[in-house]
Amino acid sequence: MGGKPTVRIDARVLDRVERSRKHAALVVLKGEEIGRDFRLRKRTVVLGRGDAVGIRLPDAGASREHARVDHEGGSGPGDGTYVITDLGSTNGTFVNSSRVDSAPLQDGDKIRIGDTILKFVVLDTVEASFHAEVRDRISYDQLTGLLTKESLYLALERELDRCSRYGYPLSVLMMDLDRFKSVNDGYGHLMGSHVLAEVGRIIRGEIRDDDVSARYGGEEFVSYLSETDTAGAQVAAERIRNTMEAHTFVLDGVSIGVTISIGIATAPTRGATIKDLVGAADQALYRAKEEGRNRVCIA
């Protein structure tokens, strides 16, 4: 009777409050610390490979003090404008592939310093928690150097959500080596492992730095291409297919050729979820196999 009144808090209200707490960050898309996000908590932060910088990049192509990010105006870390300025670096600072001396940053901009690529993002608390989970769970396939299937799915979930929010397309490539069993049976598993490692290198070399690839399992591979429509994905897929067809795999004096079949599906037209999108791309891959292999098919 005389106790304190019960206070009920609507979970939806809490979610809105959490999402209203914005902060800016730089997320590593490519580099030794892929998946890591650096929160921009201070008004000024210096990036480089030196020990005294605010964001240290373990990259030989970065100068000791390479660039600076300044937060101008705004009352909180998610407000105002962020500006990146090159600090006279040896190899330059690039924003969306253009070399800059100084440039304002927009949500989604990609910054290249040496061989490291970072994405500038403004995250709410819920998104930040998801980024932290991706960072903690990121892992690589030791043979190919690509992400594992599980790690790619974590990153793809976040990227699908972002592309959907802003109305961008996103394409998935499902890839499978043709008649790979005959490689293992005819030349041994050492040759098979050599081929898989080389395929990982070929895929990394034929897509953009900020696209993401994984070994899906066995001789299957998957890539997702952000902000890429079907036509753009087809160009990338044909580039991979052509390079594979022309490549000679050599091990201990033995040379062989291996081809690849690829299926493409693009969000949102062929699916808005990972399950639907990967399923559509897999069906297109199956059709490529049925139609003769060594080809690209679109869902």
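Just so you know, these numbers come straight off a predicted model, no measurement behind them. Residue positions are given per chain, counted from 1 along the sequence in the order it is written. Residues qualify for local features only when their pLDDT is at least 70, as the model is predicted, and side-chain atom pairs are given and counted only at 80 or more; totals for whole chains, interfaces and linings, by contrast, use all residues. Hydrogens and water molecules were not included; the side-chain quantities draw on all heavy atoms of the structure.

Engineer: Help me understand the sheet that holds strand β14 (residues 212–217), please; the structure alone is not making it clear to me.
Structural biologist: Pairing between the strands of a sheet is mediated by backbone hydrogen bonds and can be parallel or antiparallel. Read from one edge to the other, the open sheet built from six strands follows the order β12-β14-β15-β13-β18-β19, with strand pairing classed as mixed. Edge positions in the open sheet fall to β12 (147–148) and β19 (296–298), since each of these has one partner strand only. When DSSP finds two or more bridges between a pair of strands, those strands are recorded as paired. The way it works is that DSSP assigns letters per residue, a run of H or I at least four long becomes a helix, a run of E at least two long becomes a strand, and they are numbered from the N terminus. Where strand β18 (residues 260–267) and β19 come together, three bridges link them in parallel fashion. Looking at β19, one finds that isoleucine 264 is bridged to isoleucine 298. Running over the sheet, helix α6 (residues 230–246) touches β13 (170–177), β15 (220–226), β18 and β19 and is turned about 165° from β18. It only takes one pair of heavy atoms within 4.5 Å for two residues to be counted as in contact. Whenever a helix is involved, its axis is fitted only over the stretch in contact; in every case the axis is a line through C-alpha atoms, and angles between N-to-C directions fall within 0 to 180 degrees.

Engineer: It is not clear to me how the environment of aspartate 176 should be interpreted in this structure. Could you clarify?
Structural biologist: Structurally, aspartate 176 can be placed in strand β13. Note on exposure labels: buried denotes an accessible area under 20% of the residue type's maximum, exposed denotes more than 50%, and partly exposed covers the range between, all computed with a 1.4 Å probe on protein chains only. Overall, the relative accessible area of 12% leaves aspartate 176 in the buried class. Once the C-alpha coordinates of aspartate 176 and asparagine 294 are considered, the two residues, 118 residues apart in sequence, prove to be 9.5 Å apart. Apart from residues no more than four positions distant in its own chain, aspartate 176 is found in contact with Glu219, Glu220, Ile260, Ser261, Leu285 and Lys289.

Engineer: How do you make sense of the nonpolar core when you look at a structure like this?
Structural biologist: Generally speaking, soluble globular proteins have nonpolar side chains that are buried together. Buried residues of nine kinds, namely Ala, Val, Leu, Ile, Met, Phe, Trp, Tyr and Cys, make up a nonpolar core once their side-chain atoms join them within 4.5 Å. One finds Leu173, Leu177, Val195, Met244 and Ile262 to be the most contacted residues of the largest nonpolar core, which totals 27 residues. Among the elements that line this core, the one with the most residues is helix α5 (residues 189–206), at six residues. Setting aside residues no more than four positions away along its own chain, leucine 173 makes contact with Phe221, Val222, Ser223, Leu225, Ala233, Ala237, Ile240, Ile262, Gly263 and Ile264.

Engineer: How should α5 be read in this particular structure?
Structural biologist: Since the α-helix advances by 3.6 residues per turn, residues separated by three or four positions end up pointing in the same direction. An expected span of 1.5 Å times one less than the residue number is assigned to each helix. Relative to the 26 Å expected for 18 residues at 1.5 Å per residue, α5 spans 26 Å between its end C-alpha atoms, a close match to the ideal helical length. Listed in full, the buried residues belonging to α5 are Met191, Gly192, Val195, Leu196, Glu198, Val199, Gly200, Ile202, Ile203 and Glu206.

Engineer: When you look at the packing of aromatic side chains in this model, what are you seeing that I'm missing?
Structural biologist: Ring pairs (aromatic) are described by centroid distance and by the angle formed between their planes. Under the pairing criterion, centres of Phe, Tyr and Trp rings, with the six-membered ring standing for Trp, must be within 6.5 Å; the plane angle then separates stacked pairs below 30 degrees from edge-to-face pairs above 60, leaving the rest tilted. Enumeration according to the criterion identifies three aromatic pairs in this entry. Judged by centre distance (5.4 Å) and plane angle (50°), the rings of tyrosine 82 and phenylalanine 120 are tilted. Separated by 38 residues along the polypeptide, tyrosine 82 in strand β6 (residues 81–86) and phenylalanine 120 in strand β11 (residues 116–123) bring together distant segments of the chain. For the residue pair tyrosine 82 and phenylalanine 120, the accessibility class agrees, reading buried in each case. For the pair tyrosine 153 and tyrosine 216, a centre-to-centre distance of 6.3 Å together with 55° between the ring planes defines the contact as tilted. Placement of the pair is tyrosine 153 in helix α3 (residues 149–166) and tyrosine 216 in strand β14, with a sequence separation of 63 residues. The positively charged end of arginine 112 is found above the aromatic ring belonging to phenylalanine 94, 4.2 Å away from the centroid. We note lysine 149 situated over the ring of tyrosine 216; from NZ or CZ to the ring centre the distance is 4.6 Å. As a reminder, the over-ring test applies to NZ of lysine and CZ of arginine, requiring each to be within 6 Å of the ring centre and within 35 degrees of the ring normal.

Engineer: Honestly, the pairing of β18 in this entry has me stumped. Any pointers?
Structural biologist: Along β18, eight of the eight residues are buried, which leaves the element largely enclosed by surrounding structure. Side chains Ile260, Ile262, Ile264 and Thr266 of β18 all project onto a buried face; the interleaved residues Ser261, Gly263, Ala265 and Ala267 project onto the opposite face, where all are buried too. Alignment of β13 against β18, held across eight bridges, turns out to be antiparallel. Bridging across to β18, leucine 177 finds its partner in isoleucine 260. Seen with its strands pointing away from the viewer, a crossover is right-handed when the path leading from the first strand over the helix to the second is clockwise. With helix α7 (residues 274–290) bridging β18 and its parallel neighbour β19, the resulting β-α-β unit is left-handed.

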